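Here's the letter readout for the chains.
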Amino acid sequence: MQGFKSCLEADGMDYSITMERFKGNLGLAPLYDAICAIVEPLRTQEERDEYQILYREVQAEYQKAAVFSNMLKGAN
């Protein structure tokens, strides 16, 4: 990953800021989708049997995002 850092800095970019934005843009879309799947029915107080399944999906995506975040932190 050092090569990537050098390339960014050679172009005048701040590596730390760029990586934080990159992390946010790439790692959170599946988490956002999982949250949206559960939030709307909850908001309308819709009775569903699969809330536990939807919540487990949110937890799984959160864990994936956390792992990705930690990997990027280790790349600094």
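Structure shown above.
Here is a short report on the structure shown in this document. If you're wondering where the values come from, they're calculated on a predicted model, not measured in any experiment. (Residues numbered from 1 in each chain as written. Predicted model: local features only at pLDDT ≥ 70, side-chain atom pairs only at ≥ 80, totals over all residues. Heavy atoms only, no water.)

This part takes up the overall build of the chain. Each helix and strand counted, the chain has four helices and zero strands in total. For the chain, the α and β elements follow one another from N to C terminus as α-α-α-α. In the chain, which comprises 76 residues, the proportion classed as buried is 21%. Within the chain, contacts between residues at least 6 apart in sequence are counted, and of these 47% link residues at least 24 apart. For the chain, the computed accessible surface area is about 5800 Å², with 55% contributed by carbon and sulfur atoms. (Helix = DSSP H or I, 4+ residues; strand = E, 2+ residues; numbered from the N terminus. Buried < 20%, exposed > 50% of the residue type's maximum accessible area, 1.4 Å probe, protein only. Contact = heavy atoms within 4.5 Å. Areas by Shrake-Rupley, 256 points an atom, 1.4 Å probe, with all protein chains shown as cover.)

In this section: the pattern of salt bridges. Counted by the stated rule, this structure contains four salt bridges. For the salt bridge of Glu 40 with Arg 43, the shortest nitrogen-to-oxygen distance reads 2.7 Å. On the criterion of helical spacing, the pair formed by Glu 40 and Arg 43 is a turn pair, its members being three residues apart in helix α3 (residues 29-43). Here Glu 50 ties to Arg 48 by a salt bridge, and the two come within 3.4 Å at their closest N and O atoms. Residues participating in the shared-partner salt-bridge network are Glu 46, Arg 48 and Glu 50. (Salt bridge = Lys/Arg side-chain N within 4 Å of Asp/Glu carboxyl O.)

In summary, soluble globular proteins display a tendency toward joint burial of nonpolar side chains. Among the nonpolar cores identified, the biggest contains six residues, and these are Leu 31, Ala 34, Ile 38, Tyr 51, Leu 54 and Val 58. If you list the elements that add at least two residues to this core, you get α3 and α4 (51-75). Contacts of Val 58, omitting those with residues within four sequence positions, involve Leu 31, Ala 34, Ile 35 and Ile 38. (Core = buried A, V, L, I, M, F, W, Y, C linked by side-chain atoms within 4.5 Å.)

What follows concerns the environment of Leu 54. Within the secondary structure, Leu 54 sits in helix α4. Sequence-distant contacts of Leu 54, that is, excluding residues within four places in its chain, are made with Ala 37, Ile 38 and Arg 48.

Bringing the side chain of Glu 61 into the picture now. Relative to the elements of secondary structure, Glu 61 occurs in helix α4. With relative accessibility at 17%, the residue Glu 61 sits in the buried group. At 3.2 Å, the side chain of Glu 61 forms a polar contact with the side chain of Lys 64. Those residues in contact with Glu 61, other than ones at most four positions away along the chain, are Pro 30, Leu 31 and Ala 34. (Polar contact = N/O pair within 3.5 Å; in protein donor to acceptor, adjacent residues only side chain to side chain.)

Purely geometric numbers; function is a separate question.
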